[in-house]
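# Secondary and tertiary structure notes
Here's the letter readout for the chains.
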Amino acid sequence: MRTFPSWMEDDYNKIANKGPLSTLIFGNRFKADQTLYEYLIEFLLIFVSAKNEDLKEGKMQFHDVTGEHKLSYWVEPRMALRRFIFFDKSKKKGSIPEDFIAYSEMVNYLNDKMDVADRESAKEYIEDIQDLFHGYAAVVKNRFWGAQALLPICPEFILCGVDPTEAKRRKDVNWENDPGSLDTKFDFKRHNFLSRGGELYYLHLLQGLEGDRDRQERLVRLLNDLVSGQCKKISKMAGYVQDTWEKKYSLDKKVLSQKLEVAYIPATGYKECGSYSVDELISFLSCKLHPITRVEILAKGVMFQIMRMMSYRVADYLDIEKPAWIVDMKGETTDTVKKIAHGAFLNIESHFMSAINKMANEAGIEEERMKKVREARINSLDIFKSKGKELQCIIPVSGPFERFSLSEDVIRFLVLSLVAPGDKMTLKMFLEKLYYNYRIVIGPEEYRQSLKSINMDSSLANCFSENVVAFQCFLRSTGFLKELSDATSIVVNPYESIEEAEA
């Protein structure tokens, strides 16, 4: 398999005859443990991090892929900030006694630095700040405090993956003589939770941007606005907490930082949807939304785009037409569209399994073949389905007749990413755009176009007329549809453009 970047082919060849099969198909790698928000967090982590060991060069930029070199980035784990936010509210599994000492010292030290009349008031202020920060928790679950995640609303909240390595830390941490060892003896490279799905998304954007400096500069400006433009006070407070700890113990940021490397994707399969994703991100990020709403919808939109990546790559690998995502907007229990949508969804499932088995044959997998095929399914098709159900764009959550639908947040992302801020297009044009960018089928015309890739009866196309009516009702209820007449409906993006507002 040829890779992007091309000089990563040696890395691919090392595993070409043994798997994992999902990595051989999709790139290194998608994994089932990664949560919806962690795809966005990992993508932004690479973007905001320095691309040089000086911890300055390349921050808030994409990598330069014009030369053959490792795509490295240097992250700041900010373990002191994480301890301040999560430690007291989490189970202490994975902690060592020194973590308890450090947490108490940090809180007491920050109390001492508060310019208030009495210590009790200072304590309340610190607790309020902790509660404020914890209110932005995006991933908590049953994880140890260092592996929990925050909404990426500012650079300080974009945190790398961490594993506790409790036994190693009990042995290696020397709190008395080397306080910095408390925060450097974790494992930052195991990729258990930030398991590289966000890296693959980052790479497909890089591939989609190749040679297009204007679009890259525009996307960079908008991503800078996303993570640095609006939540400046929170950013400043979070930075103060971490910096205060580092200054107290004279810790060197270069020693605390960790070097990580971006993986690879297949050279074919993602480039077309990568170009679509770039344009969609530019349109969405240009909309002047509340910063929290913006991040929450973006996380779901990025996941929806990743599902498209997977679908396109399977079709590319099997050398078949990209499959139609036939959407049932009515959700009725007995309906022709429901049956057609279910049949098309089964078709997509079949393609995933065909790709996995084809790769198993090409790689010559014989030993433990069933186990490796099952693992590949878990880390590809099962991700596609489980995240689709989390987005409510695959229904039902459990039970038979699985098929595509569209939730309110996914529709919001689609409108804001396909219609420029303040712009509009006819409903017919919007349905065509959905089909062109995603192969989403809602209306009769798109269904007829999709018949090249699915074996269905064209006489059933008229059944989709009511599906369009249901879609119109959904758009109207979300405020994105204006009806000029009985025959003409307009899909509108009502938001002001950030770029125009700043001009």
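Above this text you will find the structure in question.
Criteria and cut-off values
- Residues numbered from 1 in each chain as written.
- Predicted model: local features only at pLDDT ≥ 70, side-chain atom pairs only at ≥ 80, totals over all residues.
- Heavy atoms only, no water.
- Helix = DSSP H or I, 4+ residues; strand = E, 2+ residues; numbered from the N terminus.
- Buried < 20%, exposed > 50% of the residue type's maximum accessible area, 1.4 Å probe, protein only.
- Expected span 1.5 Å × (residues − 1).
- Contact = heavy atoms within 4.5 Å.
- Patch = residues over 30% accessible without salt bridge, like charges linked within 9 Å, V, L, I, M, F, W, Y side chains within 5 Å.
- Areas by Shrake-Rupley, 256 points an atom, 1.4 Å probe, with all protein chains shown as cover.
- Salt bridge = Lys/Arg side-chain N within 4 Å of Asp/Glu carboxyl O.
- Lys, Arg positive; Asp, Glu negative; His and termini not counted.
- Charge placed at Lys NZ, Arg CZ, Asp CG, Glu CD.
- Pairing = 2+ DSSP bridges.
- Axes fitted to C-alpha atoms, helices over the stretch in contact; angles between N-to-C directions.

Moving on: the side chain of Ser257. With respect to the helices and strands, Ser257 occurs in the loop between helix 11 (253-256) and strand 5 (258-261). Judged by relative accessible area, Ser257 falls into the buried class, the value being 11%.

The end-to-end C-alpha distance of helix 3 (residues 36-48) is 19 Å, a good match for the 18 Å that 13 residues give at a rise of 1.5 Å each. Where burial is concerned, most of helix 3 is hidden: 13 out of the 13 residues are buried.

Taking 1.5 Å of rise per residue, the 13 residues of helix 8 (residues 197-209) would be expected to cover 18 Å, and the 19 Å separating its terminal C-alpha atoms lies within 8% of that figure. Of all 13 residues that make up helix 8, 13 are buried, and the element is covered over most of its length.

Right, let's get into the environment of Arg170. Relative to the helices and strands, Arg170 is located in helix 7 (residues 166-172). The spacing of Arg170 and Gly19 is 151 residues in sequence and 35 Å in space, taken between C-alpha atoms. Each residue touching Arg170, except ones within four places of it in the same chain, is listed here: Ser95, Ile96 and Pro97.

Where like charges cluster on the molecular surface, the negative patch consists of Asp88, Asp118, Glu120, Glu124, Glu127 and Asp128. For Asp88, the location among the structural elements is in the loop between helix 4 (79-86) and helix 5 (97-113).

On to the pattern of salt bridges, then. Counting across every chain of the model gives 35 salt bridges. Across the salt bridge formed by Glu166 and Arg170, the nearest N and O atoms sit 3.1 Å from each other. On the criterion of helical spacing, the pair formed by Glu166 and Arg170 is a turn pair, its members being 4 residues apart in helix 7. The class of Glu166 is partly exposed, set by a relative accessible area of 30%. Exposure remark for Arg170: the relative accessible area of 49% places this residue in the partly exposed category. Ionic pairing is found between Asp382 and Arg377, a salt bridge with its closest N-O pair at 3.3 Å. Look at the salt bridges and you will find they share partners, linking Lys59, Glu76, Arg78, Asp243, Glu246 and Lys253 into a network.

This part is about the sheet that holds strand 13 (residues 489-492). The pairing of strands in a sheet comes from backbone hydrogen bonds and takes either a parallel or an antiparallel form. With antiparallel pairing, the 3 strands of this open sheet are ordered in space as 10-13-12. In this open sheet, the two edge strands, each paired with only one partner strand, are strand 10 (424-426) and strand 12 (481-483). Strand-to-strand, the axes of this sheet are offset by a mean angle of 30°, without reference to chain direction. With 3 bridges connecting them, strand 12 and strand 13 associate as antiparallel partners. Note that in strand 13 the partner of Leu481 across the bridge is Val491. Set on the sheet, helix 20 (residues 465-477) makes contact with strand 12 and strand 13; between it and strand 12 the angle comes to about 110°.

Further remarks concern the environment of Ser380. Within the element layout of this structure, Ser380 appears in the loop between helix 15 (369-378) and helix 16 (381-390). Classification of Ser380 by relative accessible area gives buried; the value is 0%. The residues touching Ser380, leaving out its near neighbours within four places in the chain, are Phe26, Met310, Phe352 and Ile356.

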